[in-house]
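Listed below are the residues making up each chain.
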Amino acid sequence: MAIVKVIEVIAASEKSFDDAVQKAVTEAAKTVKNIRSVYVKEMKAHVDGDRITSYAVNAKISFEKTN
């Protein structure tokens, strides 16, 4: 039986929400193996005047624990 663990991470990007999610997964993959899914819990954009300056996500990353 597989054990699945979940970590919660926050990541940001100046490009897009998609890029912020990819950065979260890329950074988590440096120390976590067997990533199976990412669930975006929250999205937020920072605004300066009338322009979005950065995109941020709070994401849950699930990975399978191996022996």
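In case you missed it, the structure is sitting above this.
Residues numbered from 1 in each chain as written. Predicted model: local features only at pLDDT ≥ 70, side-chain atom pairs only at ≥ 80, totals over all residues. Heavy atoms only, no water.

Peer 1: Explanation requested: the sheet that holds strand β1 (residues 3–13) in the structure shown.
Peer 2: On the basis of which strands lie adjacent, the open sheet formed by three strands has the order β1-β3-β2 and antiparallel pairing. The open sheet is flanked by β1 and β2 (35–48), the only strands paired with a single partner. Taken pair by pair, the neighbouring strands of this sheet meet at an average axis angle of 15°, ignoring direction. (Pairing = 2+ DSSP bridges. Helix = DSSP H or I, 4+ residues; strand = E, 2+ residues; numbered from the N terminus. Axes fitted to C-alpha atoms, helices over the stretch in contact; angles between N-to-C directions.)

Peer 1: Just to check I follow, could you spell out a nonpolar patch on the surface for this structure?
Peer 2: Judged by side-chain polarity, Val38, Val40 and Met43 come together as a nonpolar surface patch covering roughly 230 Å² of accessible area. Among the secondary structure elements, valine 40 is positioned in strand β2. (Patch = residues over 30% accessible without salt bridge, like charges linked within 9 Å, V, L, I, M, F, W, Y side chains within 5 Å. Areas by Shrake-Rupley, 256 points an atom, 1.4 Å probe, with all protein chains shown as cover. Salt bridge = Lys/Arg side-chain N within 4 Å of Asp/Glu carboxyl O.)

Peer 1: What is the right way to read the nonpolar core from this model?
Peer 2: Nonpolar side chains in soluble globular proteins tend to end up buried together. Residues Val9, Ala11, Ala20, Val21, Ala24, Ala28, Val57, Ala59 and Ile61 constitute the largest nonpolar core, which totals nine residues. Put simply, the parts of the chain that give this core at least two residues each are β1, α1 (17–28) and β3 (51–65). It is α1 that contributes the most residues to this core, four residues altogether. Sequence-distant contacts of alanine 20, that is, excluding residues within four places in its chain, are made with Ala11, Ala12, Ser13, Tyr55 and Val57. (Core = buried A, V, L, I, M, F, W, Y, C linked by side-chain atoms within 4.5 Å. Buried < 20%, exposed > 50% of the residue type's maximum accessible area, 1.4 Å probe, protein only. Contact = heavy atoms within 4.5 Å.)

Peer 1: What's the story with the packing of aromatic side chains in this structure? I'm lost.
Peer 2: Describing an aromatic ring pair means giving the distance of the ring centres and the angle of the ring planes. All told, the structure shown has one aromatic pair when counted by the stated rule. Aromatic side chains phenylalanine 17 and tyrosine 55 sit 5.0 Å apart centroid to centroid with 75° between the ring planes, which places their arrangement in the edge-to-face category. Here the residue phenylalanine 17 occupies a position in helix α1, and tyrosine 55 occupies one in strand β3, the gap between them amounting to 38 residues. Taking the relative accessible area as the measure of exposure, phenylalanine 17 reaches 23% and is therefore partly exposed. Residue tyrosine 55 is classed as buried on the basis of its relative accessible area of 16%. (Phe/Tyr/Trp six-rings, centres within 6.5 Å; stacked < 30°, edge-to-face > 60°.)

Peer 1: Could you clarify how one ought to interpret the pattern of salt bridges in this entry?
Peer 2: Any two side chains of opposite charge can pair, on the condition that their charged atoms come close. Tallying each qualifying case throughout the model produces four salt bridges. Across the pair lysine 30 and glutamate 27 runs a salt bridge, and its minimum N-O distance is 3.0 Å. With a closest N to O distance of 3.4 Å, arginine 36 and glutamate 64 form a salt bridge. Placement of arginine 36 in strand β2 and of glutamate 64 in strand β3 is noted, with a sequence separation of 28 residues between them.

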